[in-house]
Amino acid sequence: MSLEEQWVATEDRLLHETESLGGLLGQLRDRVSSGLIGDEEWGKILERARGLPVTMGAFPFGFELLMHESRPGADFGASLVGGSQSAAFFEKRSKTKDADPATAGVAWLLKETEPESAPLRRIAGRKMLLEYDVDQIPSGEFPDPGIFLYPADQVLAGDGSDQRLHELRIVADAVASATNRRLNEAEHRQIDQVFLAMNPNTSVRAVGAFPSRAREIRLTATGFRKADEVGEFLKRTNWPGQHSAVTSTVSHLEEREAFAYVGIHYDVAENGVGPTLGLSFFAKEGQWLKDVRHWTPLIDSIREEQLAVPEKLSELVAWSSGSEPLSGKSGSFVLVRGIHHIKFTLVDDRVEQVKAYIFLLLLAWPLTG
């Protein structure tokens, strides 16, 4: 059974389980420690997810955990793939009178990536991520989600070519349009400069925007394997913070062999890259790791540097338990839990935040026809 066939089968089965993604999450509460996401915070996530189709549980979804604070808050993210029943939900809702701008934007992207010959589909594929701000948002308020597209590895490799520069503009313009914006020439130039500062061993792996936040495009360049590579990139992009502090942080983790590669997140506006820098650490080449042992060197380093709450780090280790059987109304599923990446947020010369991005994946069982 192919991955696409597995998704189709899982979506079909989930329709018999509950009425929404929020309902599905409610059944998984005992898998998520209250030390990572508190009861009140969990209730807000369920409230937000009740407006989403249960079929989205057939694709990776998960939480952005605050590891640097004792407060057990979290944000929520879910994947969407064109051609799925989940995608049809957004397309149908976008045609209703009370459709919100985010739903309309998602439906527009799905339409733009539908033709096999469409440039946007060739560059970014048919997968997107919706990131929902939940933490510290008043109950009952639902800001429009961030919308992210994910070009495959090396599709937007930093080779400086005019073709790939043009393709990056296509993706950035699409994300802007989906979030009810239009990039001006100054914004285009700044995005171009970030791309031209890359090297061929790195690539743009995510382009997104948060319509409820500042007018910025978030670019993620990945494939950095050495601290020196990170430092050189920061210089070429004129990041306004303390470069030496960043390279020192990455160098320490490099010596511990705590990561396979690093992703750099920039918020790009018409006046350049913003002062906030995101550094995402990936433990292996694959991004959906269910074995926590891959993360031990990084987690141990974070603990030693006192960058996160020790109790939360212990809960994170316990969370990443691999695969387990799960019984449902329609039969058996496999539930996969793991860590996607761990992100440091730096401002100037200090690490201000440490976040863990954890995922869940449900698969209808058996996995073969």
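Quick caveat: nothing in here was measured; it's all calculated off a predicted structure.

K.L.:
Would you mind going over the overall build of the chain in detail, with residue names and values included?
P.N.:
Looking only at helices and strands, the chain has twelve helices and twelve strands in total. Relative to the globule expectation of 21 Å for 369 residues, the C-alpha radius of gyration of the chain, 20 Å, shows essentially globular dimensions. Oriented by its inertia axes, the alpha-carbon framework of the chain measures out at about 55 × 45 × 40 Å. The buried share among the 369 residues of the chain stands at 56%. Of the roughly 16,000 Å² of accessible surface on the chain, a fraction of 48% belongs to carbon and sulfur atoms. Of the side-chain charges in the chain, 40 are positive and 53 negative, and the distance between the mean point of each set is 3 Å.

K.L.:
Go over the pairing of strand β7 (residues 261–269) with me, naming the residues and quoting the values.
P.N.:
Of all nine residues making up β7, nine are buried, and the element is well covered by its neighbours. Burial along β7 is two-sided: Tyr261, Gly263, His265, Asp267 and Ala269 and Val262, Ile264, Tyr266 and Val268, pointing in opposite directions, are all buried. Inspection of the sheet shows strand β6 (residues 217–224) paired to β7 by seven bridges, in the antiparallel sense. Note on β7: the bridge partner recorded for Ala221 is Ile264. Where β7 and strand β9 (residues 276–282) come together, five bridges link them in antiparallel fashion. Considered in β9, the bridge of Gly263 is made with Ser280. Here β7 pairs with strand β8 (residues 272–273) via two bridges, running antiparallel.

K.L.:
With reference to specific residues and values, describe helix α4 (residues 85–93).
P.N.:
By the burial criterion, the buried members of α4 are Ser86, Ala87 and Phe90. Along the long axis of α4, the arc covered by the buried residues comes to 100°, so they all point the same way. Of the surrounding secondary structure, the elements contacted by the buried residues of α4 are α1 (3–14), β2 (74–81), α5 (101–112) and β3 (127–132).

Here is what the cut-offs are and how they apply
- Residues numbered from 1 in each chain as written.
- Predicted model: local features only at pLDDT ≥ 70, side-chain atom pairs only at ≥ 80, totals over all residues.
- Heavy atoms only, no water.
- Helix = DSSP H or I, 4+ residues; strand = E, 2+ residues; numbered from the N terminus.
- Rg over C-alpha atoms; globule rule 2.2 N^0.38 Å.
- Buried < 20%, exposed > 50% of the residue type's maximum accessible area, 1.4 Å probe, protein only.
- Areas by Shrake-Rupley, 256 points an atom, 1.4 Å probe, with all protein chains shown as cover.
- Lys, Arg positive; Asp, Glu negative; His and termini not counted.
- Charge placed at Lys NZ, Arg CZ, Asp CG, Glu CD.
- Pairing = 2+ DSSP bridges.
- Arc of directions from axis to C-beta.
- Contact = heavy atoms within 4.5 Å.

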